[in-house]
Amino acid sequence: MSLYTDYLTEIETRKGQGLHPKPIEDGALVEELIAQIEDAGSEYRDDSLNFFIYNTLPGTTSAAGVKAAFLKKIIVGETTVPEIAPAFAFELLSHMKGGPSVGILLDLALGGDAAIAQQAAEVLKTQVFLYDADMARLGAACKAGNAVAKDILESYAKAEFFTKLPDIEEEIKVVTYIAAEGDISTDLLSPGNQAHSRSDRELHGQCMISPEAQKEIQALQKQHPDKRVMLIAEKGTMGVGSSRMSGVNNVALWTGKKASPYVPFVNIAPVVAGTNGISPIFLTTVGVTGGIGIDLKNWVRKTDADGKPILNNDGNPILEQKYSVETGTVLTINTRDKKLYDETGTKALVDVASAFTPQKVEFMKAGGSYAIVFGKKLQTFAAETLGIEPTPVFAPNKEISREGQGLTAVEKIFNRNAVGVTPGKVLHAGSDVRVRVNIVGSQDTTGLMTAQELEAMAATVISPILDGAYQSGCHTASVWDAKAQANIPKLMAFMNNFGLITARDPKGAYHAMTDVIHKVLNDITVDDWAIIIGGDSHTRMSKGVAFGADSGTVALALATGEATMPIPESVKVTFKGAMQPHMDFRDVVHATQAQMLKQCGDNVFQGRVIEVHIGTLLADQAFTFTDWTAEMKAKASICISQDETLIESLEIAKSRIQPTFSK
């Protein structure tokens, strides 16, 4: 039986689940499609043509390589497909966004046919996902006197791949949908028990909220075809809990815009909102897709004459509604004056400037943050190759420096690891910074999505500037069912080839390591100045500073060795006296929370870094504290150690690591 007939059987199975054909990633199947396309008498020709054009995954999949090579044959005239003229073949290549497609475009642009070279150059000028080998090839051709290569590099130096994109709309009409009241966990948007399906975007989309909610969203879209659905956490924060790109993918699938007509089930630009804004990790993930995150502030605390919150019988603050966002309410987002208006666009309801910083607007214009990250790198390379200054195009990094003010621990770490900032300038909280990352952890239930992100950005190998990276297997180890047995070896093979330490060996050469990802990352981090990125909200190391991140940010850190984020504010936590013998360190954790609420009356930890000043805490004890900070919605935590304590912690970590890696 051929791969194609197997695919037809799978299609029939998916029909029973209400699903479309699964996107194709296997190059061998694409080769069968091509054979049937070239066979004018094939009964499967029309369907094969449709699958080739609209249902083949781009990036670095084997399917993308076969597709790009066939499009090249059409362009150079080696084969003819009436439905795919050379101009259409170039258009298809332009939507493949890197990997084999860039290699093919470079072949054509640097080839001997002047007309084809010029067409290929125009497409290349729109692409940003070029890697070192691609850029080196362009640079060498330019230095050898190739005029087309020089023309492409001049375009890159001007960042025309960005400047020629349309600006975001001045007014965005939205219709509201309240997904839940109170904090909305990413588990509502992408349940953990459905992790096995996350790489199958359409299938996984069926688990968002509920089937009833999905129908209600579709009804709103039908009723308001000219508006975008804004998903809301009423009286709460949107996207708390674990960092899940799949949650944003699901929201985008149901409420966003199609990224490309030739890439199935990849949507971008969702609009999400919460009375108390968006969880920091989730907001970063929204930026990956070029989406919008709104802090509604539509409920406020009722206060007495002294300005103190009035409490109800349960001791909770009484809230007053400033304006309604009940499901079906039409609102207007003005991206120029950065305010949320009523349906008429005349009554301002709340300032939303934080959602439209210059950097976030760039993400929206480019269709996501990755394009900006890679675009800046590409522009710098082109300008250096040509010996010119890059055209000022992108918003400058936000650099906040307060003269005479000391530095928090997190500010010191960010200043040590900052990239591309003004030389000699000391940065404080609120600055937007590119930083070098030391350690990266990919979690197994989100790892397949990280692999997809790496394929989509055409990355093939881990960044050489990383100290280390680990692919966990702990979440699926306890439920080693048929789905895990199908997915996890595939994930481990990809990550192993990419260059990570993997918890399971695809070839079975070493025993599975089932240690929890946080514990492994905690053990392999040796530098108190390290920055760690991990695919889980509980990435809270006791050395350096660690940030839980979505699968996309993890992928970007793996590919580039960098991350971009604002320097967060800090809350300092100090202790007096000695812990009593009858106490467990968990008692200290609970006491900290109680004392914070007593002093502040509100969760001041949310969105900030908690800096713990007990220098004698060993790493394991410190991890108990830092791990808890995720539950307090803190952005990260730092546990500052005395030198002797740090050395003892490292010795303990070494003793644990050695037997693991000796296996």
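Residues numbered from 1 in each chain as written. Predicted model: local features only at pLDDT ≥ 70, side-chain atom pairs only at ≥ 80, totals over all residues. Heavy atoms only, no water.

Asker: Which parts of the structure should I look at to understand the overall build of the protein?
Answerer: Check the secondary structure of the protein and you find 26 helices and 24 strands. In terms of overall size, the protein behaves like a compact globule, its C-alpha atoms giving a radius of gyration of 26 Å where 663 residues would be expected to give roughly 26 Å. Its C-alpha atoms give the protein principal-axis dimensions of about 80 × 65 × 55 Å. Relative to its 663 residues, the protein shows a buried fraction of 52%. Pairs at least 24 apart in sequence give 70% of the contacts found in the protein among residues at least 6 apart. (Helix = DSSP H or I, 4+ residues; strand = E, 2+ residues; numbered from the N terminus. Rg over C-alpha atoms; globule rule 2.2 N^0.38 Å. Buried < 20%, exposed > 50% of the residue type's maximum accessible area, 1.4 Å probe, protein only. Contact = heavy atoms within 4.5 Å.)

Asker: Where do I start with the environment of Tyr44 in this structure?
Answerer: On the secondary structure map, Tyr44 appears in the loop between helix H2 (27–38) and helix H3 (45–54). The exposure class of Tyr44 is partly exposed, given its relative accessible area of 27%. With 583 residues separating them along the chain, Tyr44 and Asp627 place their C-alpha atoms 55 Å apart. Once residues lying within four places of it in the same chain are set aside, the contact partners of Tyr44 are Tyr4, Thr5, Leu8 and Gln36.

Asker: How do you make sense of the pattern of salt bridges when you look at a structure like this?
Answerer: Where charged atoms from two side chains of opposite charge approach closely, those side chains can pair. According to the stated counting rule, one finds 19 salt bridges in the structure shown. A salt bridge links Lys235 to Glu181; its shortest N-O distance comes to 3.9 Å. Separated by 54 residues along the polypeptide, Lys235 in the loop between strand S3 (228–234) and strand S4 (238–240) and Glu181 in strand S1 (residues 171–181) bring together distant segments of the chain. Relative accessible area serves as the criterion here: at 32%, Lys235 is assigned to the partly exposed category. Between Lys227 and Asp226 there is a salt bridge, with its nearest N and O atoms 3.1 Å apart. When its relative accessible area of 18% is taken as the criterion, Lys227 is described as buried. Overall, Asp226 belongs to the exposed group, its relative accessible area being 59%. Here the salt bridges share partners, and the residues they tie into one network are Arg14, Asp200 and Glu202. (Salt bridge = Lys/Arg side-chain N within 4 Å of Asp/Glu carboxyl O.)

Asker: Quick question: what am I supposed to make of the sheet that holds strand S12 (residues 339–341) here?
Answerer: Note on sheets: strands pair through backbone hydrogen bonds, and any given pair is parallel or antiparallel. Reading across the sheet, the seven strands line up as S8-S7-S3-S1-S11-S12-S13 and stay open at both edges, with mixed pairing between neighbours. Here the strands that pair on one side only, and so sit at the sheet edges, are strand S8 (292–295) and strand S13 (348–351). Each adjacent strand pair in this sheet contributes to an overall mean axis angle of 30 degrees, direction not counted. (Pairing = 2+ DSSP bridges. Axes fitted to C-alpha atoms, helices over the stretch in contact; angles between N-to-C directions.)

Asker: Would you take a moment to explain helix H16 (residues 358–366) for this structure?
Answerer: Think of an α-helix as turning once every 3.6 residues; residues three or four places apart then point the same way. Here H16 has its buried residues at Gln359, Glu362, Met364 and Lys365. Elements in contact with the buried residues of H16: helix H10 (160–163), S8, helix H17 (369–386) and strand S15 (432–436). Positioned one or two residues after H16, Gly367 has a phi angle of 85 degrees, which is positive.

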